[in-house]
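Listed here are the chains, written in short residue letters.
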Amino acid sequence: MKKLTSLLLLCVAAFLMSCEGDPGPVGPQGPPGPEGGIFVASAFEIAIDFSANNGYEYIEPYGFDVYPSDVTLVYILWEVTQGFEVWRLTPQTTEFEDGTTLTYNYDFTDVDVRFFLDGTTDFSTLGSAWTQNQIFRVVVVPADNVDALDVNNLDEVLNVAKIDKIIKK
């Protein structure tokens, strides 16, 4: 009798665990979400003067929220040719005739980005064309979107990120 009671209790317990109940009426379907997931990016442009006074570096807070998983991309306005701006992804290195190098470089945290000169040349001997009014564009994108981008192409990054306005600082 004990075995039959135990078997009956086991069957009742299994039956009760499999019941879901009535979920009620199903509501209307919501609007479709954005294609390809959520992509939030922000950008700004900044002109920097590098000098011995600032240690040939400059630190700029973003001015918007940046998450630890975001990636910061920095581009330098390399030249203007026939009215078209040519932007290059940094770090960007130039080799001089004497064999020394100058690199425009950066690093970033989730609160600011640091622009700095690097290389083997004596920065104090550089002309103002290399150190004054250097224009940079900073674009922050979620890390999971970087692999799908040609990060060397600023226009593509801005288009995919749907950035139509760059804040000038």
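Notes on the structure follow.

Conventions used here
Residues numbered from 1 in each chain as written. Predicted model: local features only at pLDDT ≥ 70, side-chain atom pairs only at ≥ 80, totals over all residues. Heavy atoms only, no water. Helix = DSSP H or I, 4+ residues; strand = E, 2+ residues; numbered from the N terminus. Buried < 20%, exposed > 50% of the residue type's maximum accessible area, 1.4 Å probe, protein only. Contact = heavy atoms within 4.5 Å. Areas by Shrake-Rupley, 256 points an atom, 1.4 Å probe, with all protein chains shown as cover. Salt bridge = Lys/Arg side-chain N within 4 Å of Asp/Glu carboxyl O.

On to the overall build of the chain. Within the chain, the regular secondary structure consists of four helices and nine strands. Going from N to C terminus, the chain has its helices and strands arranged as α-β-β-β-β-β-β-β-α-β-α-α-β. Here the chain, with 169 residues, has 33% of them falling under the buried criterion. Pairs at least 24 residues apart make up 63% of the contacts formed inside the chain by residues separated by at least 6 positions. With the model as given, the accessible surface of the chain reaches about 11400 Å², and the carbon-plus-sulfur share is 55%.

All right, on to the pattern of salt bridges then. Going through the model one piece at a time under the given rule, you end up with four salt bridges. A salt bridge links Arg114 to Glu57, with the shortest nitrogen-to-oxygen separation between them at 2.6 Å. Note that Arg114 is positioned in strand S7 (residues 112–119) and Glu57 in strand S2 (residues 57–61), a separation of 57 residues in sequence. Under the relative-accessibility criterion, Glu57 is labelled partly exposed at 27%. Here Asp107 ties to Arg114 by a salt bridge, and the two come within 2.8 Å at their closest N and O atoms. Of the residues examined, Asp107 reaches a relative accessible area of 32% and is grouped as partly exposed. Overlapping salt bridges bring together Glu45, Glu85 and Arg137 as one network.

Structural measurements only, silent on function.
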